[in-house]
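# Structural features, examined
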Amino acid sequence: MNHRLIRPATRRGKALLALFLLVILAGLWPAVLLANHAVLILGLPALAAWSCLIILASTGVMLLANRLLPLPTSITQADPTKAASGPGERVDE
Amino acid sequence: MSEPIPLLMTLAYVAVALWLGVRARGSHRMDSLEQWGVAGRSMGPVVMYLLMGAGSISAYTFMGAPGWAWSKGVPVFYVVIYLSYLALIAWYCGPRVWAFGARLGHVTQAQAVADRFESPLLGALTSLVMSIGAMAYAVLQTIGAAYILEVMSGGLLPFTLNIWLVLGTIAIYLFISGQRAIGVTNAFQGGLMLIVAWTIGLWAAHRLTGDWWFGGVFERLRDTHIDFLTLPGGLGDMSFAFWTSSIIVSMFSFQQPVWLQWMSADSAQSIRRSASWLPTYYFVILPMVVVGFIGIFSLPDLERADTVALQLAFQQMPPILVGLLGAGTLAAAMSSSEPYIHGTALTWTRDVIRPLFKLSERRTGQLARYLIFPIMLLIVGPVAMLNPGNLIMILLVGLGFAAQMLPAFIGLFVWPRATRTGVLCGLSAGFIVTALFTVVWPNPLGVHAGAWGLIVNLPLFVAVSRVTRPASDATLARFMAIVAPRRPTSRSAGEREPTSSTIT
């Protein structure tokens, strides 16, 4: 069994992972220092506007990923009506 | 009580929620885990969007968030950020969890952990310890709901009666319709909260500034309370370290109800679609936060910060808006309380009682429904009546502990080498550190106690996993077929042609 960490191997996968991490880092220190000023942007405090931007960026990156990396068939074609009762149940029997 | 409209509107909300919840059952039999626990995996993307949105928006949004804005200022926006990141987690993990259910027959979170690590003990432990935070959360939301009814009735409905009124309502539709009731009522509650928050926020801003936007409020705030516009906030207690560590700890707290929400989707695609748009739901927090900021000018001498929205409503808003706020806040509290009660009943039955007494699947499904009654009668109700002062502390320890389960989820989703011994060692150490840094030395160096727990937990988990025996190849193969289907199973093959993908 291959025990190594599961990582993206395709360029698209790697690029999207980088985008996901970028969005996450944008909300944390030190990136959040960029927005920590007492100025108003579109009528909102910079930090509130930054939070709204993160909301939009999170949605944007997921919509992009939906387009570029569709779910594998092993997930999309899993049929709930044919759930295996064997291995999944075995642990508590 | 001088004005009956707010109370009538709030009670009308309870009646509608009850009606919707009872009707949600339809013609389905509710004596199986598949139906009562995860609604027969039937929920489409729109319901999932509202379910996940409403489930994560608690009474905190209508009471706590305005209170934070009133007392601290912009630090309150950390909630918006971590909730958006939870959606990223849902986007990646949700479809895989759904496939665990569809292909491996899982229902609960602890069941997946037990199966992946070949350890019913670890599964039961997961179930029990995740319940600490879940029960505290359910109690807090029930207290919030009872408080709203008391305020809306002008004290006519006493707090204790309200607790049982709320729990009784939830018990009826939860017993009859299970997760289907949660789906339908949360969808209703989610829509209601959106309408209420934006109506109240825009109305309050217009009343203060004459504009239908929030700019005038913040211009005034900039002139009078400039420290409220930046970190560390008005009280000076939200350092960058606490901001960052709170977001990290919160986004990795995999709660049982969230897991059940993913399991309840009608397809993996539905989870992806709803998760992709989910962050937009959290714009709901913005107008309520603005109400808190308005309170800085209108109600400068409040005794309790978290009453700012209600006090403002009673003093300045027409009865119909007060009623809307009451209904919206009650919706937020109930939509957060019911999934935790349901999830706890489900996991205690499936992951603790069933292995102990060797119950059948059918018997387990029947028992789970009835377990909501002792949970409400013996735990949630009595503890809510006591209204203990240290409940927040219990909740913080519970949520800090939930984050300590992260190694188990790393093992489920990204690292096949993770072992049960590694998870148990990391978990134990992380829990002790989190408990100590919550109760004895709160948040040293301004870093969230849960983050300190993870700092100890994760290296220990990795080190112990590397020197202990991993799960069998057969078990790992079943999970890898879902989380990394294109990954070669042998190490040598993997080195030649790495084709696995994390974000696929």
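Residues numbered from 1 in each chain as written. Chains lettered and ligands numbered in written order. Predicted model: local features only at pLDDT ≥ 70, side-chain atom pairs only at ≥ 80, totals over all residues. Heavy atoms only, no water.

To continue, consider the overall build of chain A. A tally of regular secondary structure across chain A gives four helices and two strands. Within chain A, buried positions represent 45% of all 93 residues. Across chain A, contacts joining residues at least 24 apart in sequence account for 51% of those joining residues at least 6 apart. In the form shown here, chain A has an accessible surface area of approximately 4800 Å², with 67% of it arising from carbon and sulfur atoms. (Helix = DSSP H or I, 4+ residues; strand = E, 2+ residues; numbered from the N terminus. Buried < 20%, exposed > 50% of the residue type's maximum accessible area, 1.4 Å probe, protein only. Contact = heavy atoms within 4.5 Å. Areas by Shrake-Rupley, 256 points an atom, 1.4 Å probe, with all protein chains shown as cover.)

Moving on, we come to the overall build of chain B. A count of helices and strands for chain B gives 22 helices and zero strands. Over its C-alpha atoms chain B spans a radius of gyration of 23 Å, differing by no more than 12% from the 23 Å that the globule rule assigns to 504 residues. Seen through its principal axes, chain B has C-alpha atoms that stretch 70 × 50 × 40 Å. For chain B, the proportion of its 504 residues judged to be buried stands at 63%. Within chain B, contacts between residues separated by at least 24 positions form 83% of all contacts whose residues are at least 6 apart in sequence. Between the centroid of the 30 positive side chains of chain B and the centroid of its 21 negative side chains there is a distance of 14 Å. (Rg over C-alpha atoms; globule rule 2.2 N^0.38 Å. Lys, Arg positive; Asp, Glu negative; His and termini not counted. Charge placed at Lys NZ, Arg CZ, Asp CG, Glu CD.)

Of the residues lining the interface, 63 residues belong to chain A; the matching set on chain B comes to 89 residues. Both sides together, the interface formed by chain A and chain B hides about 6600 Å², and carbon and sulfur atoms give 67% of it. Interface area lost by chain A to chain B is led by A:Met1, A:His3 and A:Ile6, which between them contribute 13%. The tally of links from chain A across to chain B stands at zero salt bridges. Taken together, chain A and chain B are joined by 14 residue pairs in polar contact (both at pLDDT 80 or more). Looking at the side of chain A that touches chain B, the elements that each hand over two or more residues are helix 1 (11-26), strand 2 (44-45), helix 2 (46-68), helix 3 (73-76) and helix 4 (87-90) of chain A. Sort the elements by how many residues they give to the side of chain A that touches chain B and helix 2 of chain A lands first, with 14 residues. Residue classes in the side of chain A that touches chain B are distributed as 41 nonpolar, 14 polar and eight charged. (Buried area = accessible area lost by both parts, 1.4 Å probe. Salt bridge = Lys/Arg side-chain N within 4 Å of Asp/Glu carboxyl O. Polar contact = N/O pair within 3.5 Å; in protein donor to acceptor, adjacent residues only side chain to side chain. Nonpolar A, V, L, I, M, F, W, Y, C, P; charged D, E, K, R; others polar.)

On to the packing of helix 1 (residues 5-23) of chain B against helix 7 (residues 120-152) of chain B. All names here are of chain B. Following both chains from N to C, one finds helix 1 and helix 7 inclined at 145 degrees, their axes separated by 8 Å at the closest point. Packed against helix 1, whose contacting residues are Pro6, Leu7, Thr10 and Leu11, the element helix 7 presents Ile148, Leu149 and Met152 at the interface. Within the contact of helix 1 with helix 7, the residues separate by chemical class into six nonpolar, one polar and no charged. (Axes fitted to C-alpha atoms, helices over the stretch in contact; angles between N-to-C directions.)

Residue and element names in this part refer to chain B. Phe77, Phe100, Trp243, Trp259, Trp262, Phe293 and Phe413 are the most contacted members of the largest nonpolar core, which has 194 residues in total. Tallying contributions element by element places helix 5 (residues 78-104) first for this core, with 20 residues. In this structure, Trp262 is in contact with Met48, Met52, Ile89, Ala90, Cys93, Gly94, Val97, Trp98, Phe254 and Ile271, ignoring residues within four places of it in sequence. (Core = buried A, V, L, I, M, F, W, Y, C linked by side-chain atoms within 4.5 Å.)

A negative phi angle is the norm for most residues apart from glycine, just as the trans form is the norm for most peptide bonds. Residue A:Pro30 is bonded to the preceding A:Trp29 through a cis peptide linkage, with omega at 10 degrees. Relative to the elements of secondary structure, A:Pro30 occurs in the loop between helix 1 and strand 1 (40-41). Going from B:Leu231 to B:Pro232, the amide bond is cis rather than trans, its omega being 10 degrees. Backbone geometry places B:Glu118, a non-glycine residue, at a positive phi of 50 degrees. Checked against the element boundaries, B:Glu118 lands in the loop between helix 6 (109-116) and helix 7.

Let's shift gears to a nonpolar patch on the surface. Taken together, the side chains of B:Ile432, B:Leu436, B:Val439, B:Val440 and B:Trp441 make up a nonpolar region of the molecular surface, amounting to roughly 480 Å² of accessible area. Residue position: B:Val440 is located in the loop between helix 19 (420-439) and helix 20 (449-467). (Patch = residues over 30% accessible without salt bridge, like charges linked within 9 Å, V, L, I, M, F, W, Y side chains within 5 Å.)

Turning to helix 10 (residues 240-251) of chain B, a few remarks are in order. Taking 1.5 Å of rise per residue, the 12 residues of helix 10 of chain B would be expected to cover 16 Å, and the 17 Å separating its terminal C-alpha atoms lies within 8% of that figure. Across the 12 residues that make up helix 10 of chain B, a large majority, nine, are buried. (Expected span 1.5 Å × (residues − 1).)

Now for helix 12 (residues 268-281) of chain B. When the terminal C-alpha atoms of helix 12 of chain B are compared, their 20 Å separation across 14 residues agrees well with the 20 Å that a helix rising 1.5 Å per residue should span. Maximal helix bending in helix 12 of chain B amounts to about 30 degrees, located at B:Ala275; proline B:Pro279 follows within four positions. For helix 12 of chain B, the tally of buried residues reaches 10 of 14 residues, placing the bulk of the element in the interior. Listed in full, the buried residues belonging to helix 12 of chain B are B:Ala268, B:Ser270, B:Ile271, B:Arg272, B:Ser274, B:Ala275, B:Ser276, B:Leu278, B:Pro279 and B:Tyr281. Residues of helix 12 of chain B that are buried make contact with helix 2 and helix 3 of chain A together with helix 3 (45-56), helix 5, helix 8 (159-209) and helix 11 (256-263) of chain B. (Bend = angle between axes of the 7 residues up to and from the residue.)

All names here are of chain B. Using the criterion set out here, one finds 22 aromatic pairs over all chains in the structure. Aromatic side chains Trp68 and Tyr78 sit 5.8 Å apart centroid to centroid with 35 degrees between the ring planes, which places their arrangement in the tilted category. Of this pair, Trp68 sits in helix 4 (residues 59-71) while Tyr78 is found in helix 5, placing the two residues 10 residues apart along the sequence. Seen from their ring centres, Phe254 and Phe409 are 4.2 Å apart, and the 25 degrees between their planes marks the pair as stacked. Linking Phe254 in the loop between helix 10 and helix 11 with Phe409 in helix 18 (residues 406-413), this pair joins segments that are 155 residues apart in sequence. (Phe/Tyr/Trp six-rings, centres within 6.5 Å; stacked < 30°, edge-to-face > 60°.)

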